Every structure is written in structure tokens, then in C-alpha cells.
2 protein chains.
Amino acid sequence: MTTVVYDNIGQLVTNDPASGEGPLGLVRNASLVTDGSCVLSVGPAGQIADERIDVEGRAVIPGFVDSHSHLVFAGDRAEEFASRMAGTPYAAGGIRDTVAATAAATDADLRRIVSARRAEAFRAGITTIEIKSGYGLTPNAEARALHLARELTDDTTYLGAHVVPVAFAGRADDYVALVCGEMLDAAVAARARFVDVFCEVGAFDADQSREVLRAGIDAGLIPKIHANQLGQGPGVALAVEMGCASADHCTHLSSADVDALASSTTVATLLPAADFSTRQPYADARRLLDAGATVALATNCNPGSSNTTSMSFCIALAVREMHMTADEALQAATIGGAAALRRTDVGRLSTGSPADLVVLDAPSHLHLVYRPGVPLIHTVVQSSTPR
Amino acid sequence: MTTVVYDNIGQLVTNDPASGEGPLGLVRNASLVTDGSCVLSVGPAGQIADERIDVEGRAVIPGFVDSHSHLVFAGDRAEEFASRMAGTPYAAGGIRDTVAATAAATDADLRRIVSARRAEAFRAGITTIEIKSGYGLTPNAEARALHLARELTDDTTYLGAHVVPVAFAGRADDYVALVCGEMLDAAVAARARFVDVFCEVGAFDADQSREVLRAGIDAGLIPKIHANQLGQGPGVALAVEMGCASADHCTHLSSADVDALASSTTVATLLPAADFSTRQPYADARRLLDAGATVALATNCNPGSSNTTSMSFCIALAVREMHMTADEALQAATIGGAAALRRTDVGRLSTGSPADLVVLDAPSHLHLVYRPGVPLIHTVVQSSTPR
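Residues numbered from 1 in each chain as written. Chains lettered and ligands numbered in written order. Predicted model: local features only at pLDDT ≥ 70, side-chain atom pairs only at ≥ 80, totals over all residues. Heavy atoms only, no water.

1. Structural notes on the sheet that holds strand S10 (residues 194-199) of chain A
In space, the seven strands of this open sheet follow the order S8-S9-S10-S11-S12-S13-S14 (chain A), with parallel pairing throughout. Either end of the sheet is taken by a strand with one partner, and the two such strands are strand S8 (131-132) and strand S14 (295-297) of chain A. (Pairing = 2+ DSSP bridges. Helix = DSSP H or I, 4+ residues; strand = E, 2+ residues; numbered from the N terminus.)

The structure is reproduced here in C-alpha cells:
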């Protein structure tokens, strides 16, 4: 066993209150020893190990946990995006465009595209990632997406219920039956960990969403939901009713929704880059945090509403627009994301944690907000095997 | 003379309507030949030269022209920033803190810090930069800042009138006399190109600002002004009256201000990252553009209100928040910035222009907005000598 010490850390965020100051478990002038896969110890600068990496006073934080991404897609919707921003009509567009582009890509091309996107996310500091299907919408195509995603992470999500495909126009219930039947069987065979549904006007209503989640739960999957993105609706209440790991978006919440989240184990996953890119109002993180809800931040990387892998950008937006503190935003992007994936191993840097960490080109994590847009990810270390 | 061809350009922005489609002068499947310092020709892919650089279908744009930066400073105000974002009081802070930190830095340290910051801006695609003094506030300290800035660019700006220093509390007019006298002489000796003043409640009023600009003009400097950042005021009217190259900020404008800018050669320089970092409303670029004003985008890189070198971030904000189109925002960050510096050489890529260009890790400049936060600057080429 070769041990490694990251030494001369100006400021170490452990997310373990027992290891340092405050909720971030902050240690100044720190060092961190790993055995190449796990954290062995956190202590003052100058600990000894077989190999020494001097980070020269930089800050070290846990690797980001991105609990909501749609990485498996082909094609580019930049023109649609630019039209939306300019307020001009755009004839085509939408999820169905991406479904067509993804179907048209060969397996080899799609694998290359998705791997490159995962590599980009890694360079952005994301050491744990959830990846959804949802641009397939047939049993075979959803299984193909989930198999590809499974090559990159264990945290894969079956999102057959992303939108009603053109072939089922006017027959949404028939599509739900497929999603809950043959397509679910294919997702289980492709070892999906989560089941997800887009519960929104224009996508799936409460009853359809409940049916999808129930079928997924019965098949052994953990439920998640896209809820309350475009307006108030039944999604968050359903999330709590069904014991979802997370309700994602949460842009339009009633007081009852906030109370329900606060008194549940369902994480409110906020996606500020989607609010940015669709010119929606921002979710009110302050209200959720003040009520006692657990909040996660995720990139929602997808070709339509949030084509970014930059968790730093999400953190800066969450502080500017959602009134989180910089500390809260960092936690939401690390242990908050872990909670949304029902994981307690990642998102922290204390003894026994995987040594998944980011060295920032900055003396403090505050710079992720103080220096918006500046590439501050100096080094990303993933010591654990992605699972 | 060795010629170089950048070949296989998916999409080339020339900013020269005679060279391609629309105001951007867009050429698809292009190549660009340089002699190592200037553009020799723009044409279809496959032009021949001594050396060939294959950009593999990526987009190429003119290097960014950042017409408003305060790079010459030492110290860090991240804690002040985080307190402001959290809405909690912060005892110290402000420009005077930075003045003290800058004064405390040795020449060697300050040169190292400022050079590193310029290098960061270069990696962000900024090939032409304006740099202001303004954290000195004594004749010697302002001259020191201008000399340091002059090592990096010819576009240096004397901003002795940044704030009334503590030593002149209650004696602002005495400070203005110094700014217009001995300190101006030192700035001229340090070869400043522009004179600037912060015209705002709490800084300098219209009469004081006019006096500073008049003295600078009489000494051969080109006037610029910080105007209408925190509220409506006389700054923009004064900018037009004095023939300023630019009025910078323009967050709070009356109809008369908009009309005055539209019918003048004064560029409205917008600084969205400052509006972001101070949680101010955003300047209304749409209104200015629709009225016919020339708009520039700049980073305003400074330790208090906008600690970023990311022009890409500014462009994305300008589209989301200021309702510019992606094309307008790119132009504002290139030829718009050049206009604010009274330069016609930079900010474009047509025959005879300096070969200052950015290869994007994207097929189109739209990705600067479509993929916010993602580091898309693949290669930066500065063929011209910085002037």
C-alpha cells in the first residue's frame, strides 16, 4: 500500500463537523493522507506519507456530486437555445429532436460523445455523477442509454417517462403501460438504480407519475421525480408520498410543498443552470433551507435547458440568485448531492471516505462564487472506483 | 516571412460584413492565413501556407477586447464578498482596503500578481486589455500602477479619481486639485492613454468629475467615465458632453441618457459581472441597442465588485440578463470593446487585422451562451505585439 499526503492545504473542507470548524468541518493549514483510495487521516500540515503532493496553500474540497444529469445524448440545440433567448419562434426543437439525433448516432459515436462529456464533467470537479436515460423512449433505446451510462457510473436512472413520444401522441396511457412494463424490464436488466418521471403539465400527470414510480419501486428501483419546474403542481407532494430520494427542480413551490419537503427525507434538488438557460425564475433555496429541507445542487446537464457541466457555475448562481450562502451552496453540491443519491460515502473528506477531491486554484472555496466564470479547478483526484 | 493557415474552421467570425454573412461576417468551412502577425486572407477551407494548423471544425472568433479592467491590485476581498451575498454586515472592506493591500506589496510581488492575472485573462481569450490605476491614490502610487500596467498594455487608464482617500476625508476638492495637478503629471509621465473618474454619489460629483476629465484632456488623455452604476446621475450626460470614449456601467439610465448615448460616439460599456457580484439590477442593453447606441462588454476585473477575467461569463450574462442576442454580445466583447478604446485595428479578423484570435472548443460562438460556465477557450493566439 502506497500512502499519499496532500500537504500544505490552505483550507480543507471535510464536510465533517467532527474534523474541523463549523458545518463544513473546515481545517486551515491542513494535510490529508490517503492510501490511494480512501482518506486515512486529516490533520495539520506536515503529515508524513510515501508520496507528498504540495498543493501550495490552495483550498481542497470534496469532489462534486452531480445528482442530476442527462449525459447520454447526441446532437446540439444551440440554435433553438439562441432563438429562445432572443424571444423569436423556433419551429423544431425539444426533447424529441434529441431523441432523433441520439437514435441516429451509432453505438461507437454515442459512446465517444458521452465519454467526452463525462471527461469534461470530471475536469469540472465532478467525481460522482448520476446519469439518466430518457432520450431513447423505446425499450431497446432506453436500455442502450442505460448500458452506456452504466459504463461510467453505478448511479444510473431510468427516465423512460421523460416525454410522451410522437408515436404515442394522444395515447399517453398506452405509453405509461409500456414504461411500466416491457421498458422497465429492459431498464432493470440494464441495472438502473433509480426510476424517474417528468411530472409536469405537458408531460405526465400525478396519476401517471405515481404509476411509473410504483412500478419502478416494485422492481427494486429508488424513486426520483422532476417536479414543479414550470409551475406549481402535484410533483413535490407525490415525491414525499412515494418516498423519493429527491424532487428535482422545485422552482414553483406552495407552502405545503416546502413543509412536506422539510419534514421528509426527500432532498430538494435545485438546478440553477436550467433556470438560467430557460430564463425561468430561480428556485427559492433560502425558503427551503430556512424550513429545514435538505438541498442539493446539480448541473442538469442536457442539450435543451442546461447544457453545462460546470458545478462552479451552479454554485455561483445559487448564491447570487437563490440566496444560499457560499458554504451552503458548496455543501449542496457535495453532501447534498450525495443525499439525493442516497449515499453517505461520497461528498466528504473524513477518515474512511473515498479520496475524491478537488484542488482549487484559489485559497478558499469562497472563490467559486467570488470569481464567477474563472476556471478554478486545479486538479481533480478520483481515488475510488466510480460506482 | 512564414505564413500560417488556420484550416478547417467550422465557423469563422470576422466581424467584417464584407468578408461573410451578416453583421458578424460569418464564414462557414473557412480558413484564415496569417503572416504571424496580421491576417493575410480569409477564405474557404484549404488555403495553402507554410504551416497548417487544423482546428478540426471548431469555431474561431476574434480575440476578446476587454476595455475595462482594474488588474493592478493586491489582496483578496472574498470574505467581504461572501458577507455581502449573505446580507450580513462587514466591518471593513471597500476600495480603501485594496489601496492598503496594494501599498503593502513590494514591486516584485505586485508585478508577479498582476502578470499572473493578465495571463489568466489571456487564457480566457482576452488578447487586448485596458488596465486602470486607481488603487494608489498618491502621485507615486498611481504612477507605479501605471508603469506596471504599461508593461502589459498600451491601453492604460489613469483613475486617480477612483475614491477620495482617507487622508483627504472632508477635503474632496483638495484631492481633486491633486488629481488634476501633480498626480496627473505623474500619470502623463507614466504614459497613460486615458483619464477616468468615478462619477457617483459617494465618489465624485459632476463638477469634480468635469474638472478631472478636462485636466486629463488638456494633458492629451482620452476621457472615460464610471457613470450611473448605483443610481441615476449626471455621469452619462457628462460623458457625452466631454466626448468620452466610453461611459462605463450605465446600469441606471434616464431616457435622456439613452438618447444622448445613441446620438454620440460615446460607447456604453456594460459590466454584467459587476451587476452579478453586487446583486444590482442589470443594465438594459436591449434599450441601448434598440436606440442605436454602441455597446461594449467588459469584465471590470477588480477585487471588490467583479473579480473575474471571464469574458465568456460576461457574454452569457449579457444574453440572459441584458437581453442581447448572442451575436450582439460577441460583437460587444470584441469590436464593441475596441470602439470603447478608440481602436479600429483589433476586434475583427479581416485582411490586415492583427491575427489575434480564439479557437473555441465548440462548433459555434453560440456555445459561449448555450454552455455557460464551461471552459470553451481552446487556444488563444496573439500574433500582434500587445500595445
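2. Some words on the relation of the copies chain A and chain B
Structural alignment of chain A on chain B gives an RMSD of 0.0 Å, achieved by rotating through 180° and translating 0.0 Å along the axis. On this basis, the relationship between the two copies can be described by a two-fold rotation axis. For chain A, the minimum C-alpha distance to the rotation axis belongs to Gly373(A) and amounts to 2.8 Å. (Least-squares fit on C-alpha atoms with pLDDT ≥ 70 in both.)

3. As for the environment of Val176(A)
Residue and element names in this part refer to chain A. Tracing the chain through its elements places Val176 in helix H5 (residues 172-180). Accessibility expressed as a relative area gives 2% for Val176, which makes it buried. Residues Val176 and Glu211, spaced 35 residues apart in sequence, show a C-alpha to C-alpha distance of 7.8 Å. The residues touching Val176, leaving out its near neighbours within four places in the chain, are Phe204, Gln208, Glu211 and Val212. (Buried < 20%, exposed > 50% of the residue type's maximum accessible area, 1.4 Å probe, protein only. Contact = heavy atoms within 4.5 Å.)

4. Structural notes on the packing of aromatic side chains
Scanning all chains against the criterion turns up eleven aromatic pairs over all chains. Geometrically, the ring pair formed by Phe73(A) and Tyr135(A) is edge-to-face, given 6.3 Å between the ring centres and 70° between the ring planes. Of this pair, Phe73(A) sits in the loop between strand S6 (64-66) and helix H1 (78-86) while Tyr135(A) sits in the loop between S8 and helix H4 (139-150), placing them 62 residues apart in sequence. Ring centres of Phe313(A) and Phe313(B) lie 6.4 Å apart, and the angle between their planes is 80°; this geometry places the pair in the edge-to-face category. Here Phe313(B) lies in helix H12 (residues 311-322) and Phe313(A) lies in helix H12 (residues 311-322), a pairing that spans two chains. Accessibility classification places Phe313(A) together with Phe313(B) in one group, the buried group. Among the aromatic residues, ring-to-ring pairing joins Phe276(A), Phe313(A), Phe276(B) and Phe313(B) into one connected group. Residue placement shows Arg117(B) over the ring face of Phe73(B); its charged tip is 3.4 Å from the ring centre. The side chain of Lys224(B) reaches across the aromatic face of Phe194(B), ending 4.9 Å from its centre. (Phe/Tyr/Trp six-rings, centres within 6.5 Å; stacked < 30°, edge-to-face > 60°. Lys NZ or Arg CZ within 6 Å of the ring centre and 35° of its normal.)

5. A look at the nonpolar core
Among the nonpolar cores identified, the biggest contains 206 residues, and Tyr158(A), Ile225(A), Ile315(A), Tyr158(B), Ile225(B), Leu297(B) and Ile315(B) are the most heavily contacted of them. With residues up to four places along the chain from it excluded, the contact list for Ile315(B) reads Phe64(B), Leu297(B), Ala329(B), Leu330(B), Ala333(B), Leu368(B) and Val369(B). (Core = buried A, V, L, I, M, F, W, Y, C linked by side-chain atoms within 4.5 Å.)

6. Brief notes about the domain arrangement of chain A
Residues and elements named next belong to chain A. Structurally, chain A comprises domain 1 (4-63 + 348-381) and domain 2 (64-340). Between domain 1 and domain 2, the C-alpha centre-to-centre distance is 30 Å. Across the contact, 18 residues belong to domain 1 and 18 residues belong to domain 2. Contact between domain 1 and domain 2 buries roughly 1,500 Å² in total, counting both sides, with carbon and sulfur atoms accounting for 71%. Across the domain 1-domain 2 interface, the total number found is zero salt bridges. (Domains from an automatic or database assignment. Buried area = accessible area lost by both parts, 1.4 Å probe. Salt bridge = Lys/Arg side-chain N within 4 Å of Asp/Glu carboxyl O.)

7. Looking at the interface of chain A and chain B
In this complex, chain A contributes 37 residues to the contact, which on the side of chain B involves 37 residues. Regarding the contact of chain A and chain B, the summed buried area is about 3,300 Å², with carbon and sulfur atoms giving 59% of it. Joining chain A to chain B, the criterion identifies two salt bridges. Residues Glu120(B) and Arg371(A) are paired through a salt bridge, measuring 2.8 Å at the closest nitrogen-oxygen approach. Scanning the region where chain A abuts chain B turns up 26 residue pairs in polar contact (both at pLDDT 80 or more). (Polar contact = N/O pair within 3.5 Å; in protein donor to acceptor, adjacent residues only side chain to side chain.)

8. Here we look at the environment of Thr379(B)
Residue and element names in this part refer to chain B. Relative to the helices and strands, Thr379 is located in strand S16 (residues 377-382). When the C-alpha positions of Thr379 and Arg191 are compared, they lie 31 Å apart, and in sequence the two are 188 residues distant. In this structure, Thr379 is in contact with Leu357, Val358 and Val359, ignoring residues within four places of it in sequence.

9. Examining empty space enclosed by the protein
Evaluation of the coordinates by the stated rule reveals one cavity of 30 Å³ or more. Around the largest cavity sit Val319(A), Met324(A), Thr325(A), Ala326(A), Val369(A), Phe81(B), Ala82(B), Met85(B) and Ala86(B), which together line it. Ranked by residues supplied to the lining of the largest cavity, first place goes to helix H1 (residues 78-86) of chain B with four residues. Its residues placed into classes, the lining of the largest cavity shows eight nonpolar, one polar and no charged. (1 Å grid on protein atoms, 1.4 Å probe; cavity = no way out; pocket = protein on both sides within 12 Å on 5 of 7 lines; lining within 4 Å. Points joined across faces, edges and corners; volume = space filled by probe spheres on them. Nonpolar A, V, L, I, M, F, W, Y, C, P; charged D, E, K, R; others polar.)

10. Here we look at the pairing of strand S13 (residues 267-270) of chain A
All names here are of chain A. What you see with S13 is no split at all: Val267 and Thr269 on one side and Ala268 and Leu270 on the other are buried throughout. With three bridges connecting them, strand S12 (residues 246-249) and S13 associate as parallel partners. Bridging from a neighbouring strand, Ser246 pairs with Val267 of S13. With helix H9 (residues 255-262) bridging S12 and its parallel neighbour S13, the resulting β-α-β unit is right-handed. Two strands pair when backbone bridges link them, and S13 and S14 are joined in this way by three bridges, in the parallel orientation. Across the sheet, Leu270 pairs through a bridge with Leu297, a residue of S14. (Right-handed = clockwise from strand over helix to strand, strands pointing away.)

11. Brief notes about H1(A)
By the burial criterion, the buried members of H1(A) are Ala78(A), Glu80(A), Phe81(A), Ala82(A), Ser83(A) and Met85(A). Among the structural elements, helix H10 (272-278) of chain A together with H12 and helix H14 (367-370) of chain B are those in contact with the buried residues of H1(A). Just beyond H1(A), the residue with positive phi is Gly87(A), at close to 75°.

12. Some thoughts on the sheet that holds strand S14 (residues 295-297) of chain B
All names here are of chain B. Sheet architecture is open: seven strands sit in the order S8-S9-S10-S11-S12-S13-S14, paired in parallel fashion. Each of the sheet's edge strands pairs with one partner strand only, and the pair in question is strand S8 (131-132) and S14. Its contacts with the sheet place helix H7 (residues 206-218) against strand S9 (156-161), strand S10 (194-199) and strand S11 (222-227), and it is angled at close to 175° to S10. Seen against the sheet, H12 touches strand S13 (267-270) and S14 and runs at an angle of roughly 130° to S14. (Axes fitted to C-alpha atoms, helices over the stretch in contact; angles between N-to-C directions.)

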